[in-house]
Amino acid sequence: MVPPLLLQPLVENAVTHGVAHVIDGGVIRIAISNTESSLTIDVENPCDPDRPRRTGTGLGLANVRGRLHAIYGDQARVTASEADGAWTVRLVLPADGMTRRSGAREIETA
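In short, a report on the structure. (Residues numbered from 1 in each chain as written. Predicted model: local features only at pLDDT ≥ 70, side-chain atom pairs only at ≥ 80, totals over all residues. Heavy atoms only, no water.)

## Description of the sheet that holds strand S1 (residues 29-34)
The sheet built from 4 strands is open, its strands ordered S1-S2-S4-S3 with antiparallel pairing. Where the open sheet ends on each side, the last strands, each with one partner, are S1 and strand S3 (77-83). In this sheet, neighbouring strand axes are inclined to one another by 15° on average, regardless of whether the strands run parallel or antiparallel. Sheet topology note: the strand S2 (residues 38-46)/strand S4 (residues 86-94) ladder contains 9 bridges and is antiparallel. Residue pairing in the sheet places asparagine 45 in a bridge with tryptophan 87 of S4. (Pairing = 2+ DSSP bridges. Helix = DSSP H or I, 4+ residues; strand = E, 2+ residues; numbered from the N terminus. Axes fitted to C-alpha atoms, helices over the stretch in contact; angles between N-to-C directions.)

Below you can see the structure in the form of structure tokens.
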């Protein structure tokens with residue numbers, strides 16, 4: 001299970017920092033795939049390669065990373081990359097029963 005509202009800041013960033021700066025607008029693509037060991041979620045949006053570079057703090061991505069670390073520890077990853085006029089954020093979550101961490105104990109969720 002994907003934690004509630006995990007994708008909201010990623011889609012918000014895709015609009016604010018990507019689609020809003022592209023003259024023709026664009027489409028935000030969310031792709032989900034899984035293997036026996038992981039669930040992968042990609043959020044991709046177009047971006048203007050000539051746009052002025054922002055010096056933001058990356059708070060949205062930092063919050064997502066922090067939430068995933070609190071739930072899954074080092075079993076989850078968040079990466080962000082820009083290539084060919086598109087920005088992609090990739091989340092990789094463990095799929096082994098979606099074991100969640102809560103304090104020092106682990107809770108298995110269905």
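## Quick look at the pattern of salt bridges
All chains considered together, the criterion is met by 2 salt bridges. Between arginine 29 and glutamate 44 there is a salt bridge; the shortest N-O distance is 3.3 Å. Taken together, the residues span a long stretch of sequence, with arginine 29 in strand S1 and glutamate 44 in strand S2 at a distance of 15 residues. For arginine 29, a relative accessible area of 38% translates into the label partly exposed. Taking the shortest distance from any N to any O, the salt bridge between aspartate 42 and arginine 90 comes out at 2.6 Å. Of this pair, aspartate 42 sits in strand S2 while arginine 90 sits in strand S4, and the two are 48 residues apart along the sequence. In this structure arginine 90 comes out as partly exposed when scored by relative accessible area, which is 39%. (Salt bridge = Lys/Arg side-chain N within 4 Å of Asp/Glu carboxyl O. Buried < 20%, exposed > 50% of the residue type's maximum accessible area, 1.4 Å probe, protein only.)

## What to know about unusual backbone geometry
Although it is not a glycine, leucine 5 sits at a positive phi angle of roughly 60°. Mapped onto the elements, leucine 5 comes out in the segment before helix H1 (8-17). Looking at leucine 5, the relative accessible area reads 65%, which means it is exposed.

It is worth stressing that arrangement in space is one thing and function is another; only the former is reported here.
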